[in-house]
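These are the residues of each chain, in order.
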Amino acid sequence: MTQGERRTPARRTVLGAAGATVLGASTALAAGTGTAQAATADPGADRTPGRGHGYRSLPVPLVIGHRGAAGYRPEHTLGSYRHALDLGAHVVEQDLVPTRDGHLVCRHENDITGTTDVADHPEFASRKTTKTVDGVALTGWFTEDFTLAELKTLRAKERIPGTRQENTLYDGRWTVPTFEEVLIWAEGEGRRRGREIWLHVETKHPSYFRSLGLGLEERLAKLLRRYGRHRANSPVFLQSFEPSSIQRLAKLVDAPGVVLLSGATSRPWDFVEAGDPRTVADLVTPEGLRWIASYAKGIGPTLDLVIPKDATGRLGDPTTLVRDAHAEGLILHPYTHRNENTFLPADFRKGTDPTAYGDAFGALKRYLGTGIDGIFSDNPDTALLAAQDLTARD
């Protein structure tokens, strides 16, 4: 089935989801009018988007709650994940790092200095240290130096309080969740909301952790199997900035893998360690995409690889990445949309306050209009409305 053929019904679905969110309806109704009518016609049939039918049956463009709903709640907390679902996100993202005793926990980085209250715990003052992670020297506290029991004594807090002061209201409310807790939570939310809860799971710094004897992929695969999310049609994406991590996972489970791609001149860290000279610019060529398609189902490029900015920070013309990736059968889930001026292209900023909201809808119109299959967003409700605007024109 071509991209165009599967796009039309999926866009009807996301239109219903966005509409339900705007009207304040239950997210259980977010599957859309067309799905509801089909269910009425055949009560015994389960036609919820994505349920048991794999990632190709999800809405296009889908909205991925980036670290949950990081624009509104401290990232990677159960509160952030739940709020993302309440806002209508189709998929919710987790980043995984290990504890000293091998448990996988949800943090964007293993450096937890800025995302927990660890600095307020005198019993852990001696754990502060400097480490080099993927070639970058960092000073702080790191998950791999804590047991899970110790980590659970900490509380999560807003990572960028200067930009998102309102989120600090929730500082201290939630602990750092384990990925197993998220899997259990997702099953419970699925039963409560009457739909599968899709997860987008990233292995963070996998080569670094493997060097410490804390390999992520085997631990992740074990949990996915335990909770029945290891199959090709399971409601989960597996993502990493290191292609070798996705290759390793592809040998352990059948869940779809997504290779994340940063700046064009950068090199994945596993390439650096292996002496592979290729850059991201090489990976987004037709040849590079063909190589990725041999073991993965999609890519997660930075938005600048889809539409680059000029020297003034304004959006230029789209690249051929969407067309070229689709030609290889790959889906695209670019990152990251945020509402604040400081994160928007220069031509979509409003006023001079970097923390104020700019013309996020204008920027999303440009990005979604390229034909991407989904987008990571700190503000899932905004992205859903932008997707609704797009589908209304089809």
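See the structure above.
Conventions and cut-offs
- Per-chain numbering applies: the sequence of each chain, read as written, is numbered from 1 onward.
- Only residues with pLDDT of at least 70 get local features here, since the model is predicted, and only at 80 or more are side-chain atom pairs given and counted; chain-wide, interface and lining totals rely on the full set of residues.
- The side-chain values count all of the structure's non-hydrogen atoms but skip hydrogen atoms and water molecules.
- Numbering goes from the N terminus for both helices and strands, where a helix is a DSSP run of H or I of at least four residues and a strand is a run of E of at least two.
- Pairs of N or O atoms within 3.5 Å make up the polar contacts considered here, provided that, within protein, one atom can donate a hydrogen while the other can accept it, and that residues adjacent in sequence are counted only when both atoms are side-chain atoms.
- Only heavy atoms matter for contacts: two residues are in contact if any of them lie within 4.5 Å across the pair.
- Here, nonpolar core means buried Ala, Val, Leu, Ile, Met, Phe, Trp, Tyr and Cys residues that are tied together by side-chain atoms lying within 4.5 Å of each other.
- Residue exposure (1.4 Å probe, protein chains only): buried if accessible area is under 20% of the type maximum, exposed if over 50%, otherwise partly exposed.
- Cavity means a closed set of points on a 1 Å grid over the protein atoms alone, one where a 1.4 Å probe fits but cannot get out, pocket means an open set with protein on both sides within 12 Å along at least 5 of 7 lines, and lining means a residue has an atom within 4 Å of a point.
- Grid points are joined across faces, edges and corners, and a volume is the space filled by probe spheres set on the points.
- As a working rule, the residues Ala, Val, Leu, Ile, Met, Phe, Trp, Tyr, Cys and Pro are called nonpolar, Asp, Glu, Lys and Arg charged, and the rest polar, with Gly in that last group.
- Pairs of strands are assigned from DSSP output, requiring at least two bridges between the strands.

Looking at the side chain of R164
Okay, step 1: Summarising the element assignment, R164 is placed in the loop between α4 (148–151) and α5 (179–193).
Okay, step 2: In terms of polar contacts, R164 uses its side chain to reach the side chain of E340, at 2.9 Å.
Okay, step 3: Not counting chain neighbours up to four residues away, the residues in contact with R164 comprise A70, G71, E158, R338, E340, F343, D378 and N379.

Section: the side chain of D276
Okay, step 1: Among the secondary structure elements, D276 is positioned in the loop between α9 (269–274) and α10 (280–283).
Okay, step 2: Among residues more than four places away in sequence, those in contact with D276 are R267 and F271.

Considering the nonpolar core
Okay, step 1: Ranked by internal contacts, the top residues of the largest apolar core, which has 80 residues, are F179, L199, L220, L238 and I299.
Okay, step 2: Ranked by size, the runner-up nonpolar core spans eleven residues in total, among them V91, W198, V258 and Y335.

Let's talk about empty space enclosed by the protein
Okay, step 1: With the rule as written, the count across this model stands at two cavities of 30 Å³ or more.
Okay, step 2: One number sums up the size of the second largest cavity: a volume of about 30 Å³.
Okay, step 3: Around the second largest cavity, the lining residues are A70, R73, E75, E158, R159, I160 and R164.
Okay, step 4: By residue class, the composition of the lining of the second largest cavity is two nonpolar, no polar and five charged.

Topic: helix α3 (residues 78–86)
In an α-helix, one full turn covers 3.6 residues, which means residues spaced three or four apart are oriented alike.
Okay, step 1: Buried within α3 we find G79, S80, Y81, H83, A84 and L85.
Okay, step 2: Looking at the buried positions of α3, the neighbouring elements they touch are β1 (62–65), β2 (91–98), β3 (104–106), α5 and α15 (380–392).
Okay, step 3: Note on α3: the residue one or two positions beyond its end, G88, has a positive phi of about 105 degrees.

Examining the pairing of strand β6 (residues 198–203)
Okay, step 1: Counted residue by residue, β6 has six buried out of six residues, so it is predominantly covered.
Okay, step 2: Where burial is concerned, the two faces of β6 agree: the one with W198, H200 and E202 and the one with L199, V201 and T203 are both buried.
Okay, step 3: As defined by bridge partners, β6 adjoins strand β7 (residues 236–240) across five bridges and the pair is classed as parallel. Within β7, the position partnered with V201 by the bridge is L238.

None of the figures reported here should be taken as evidence of function without further support.
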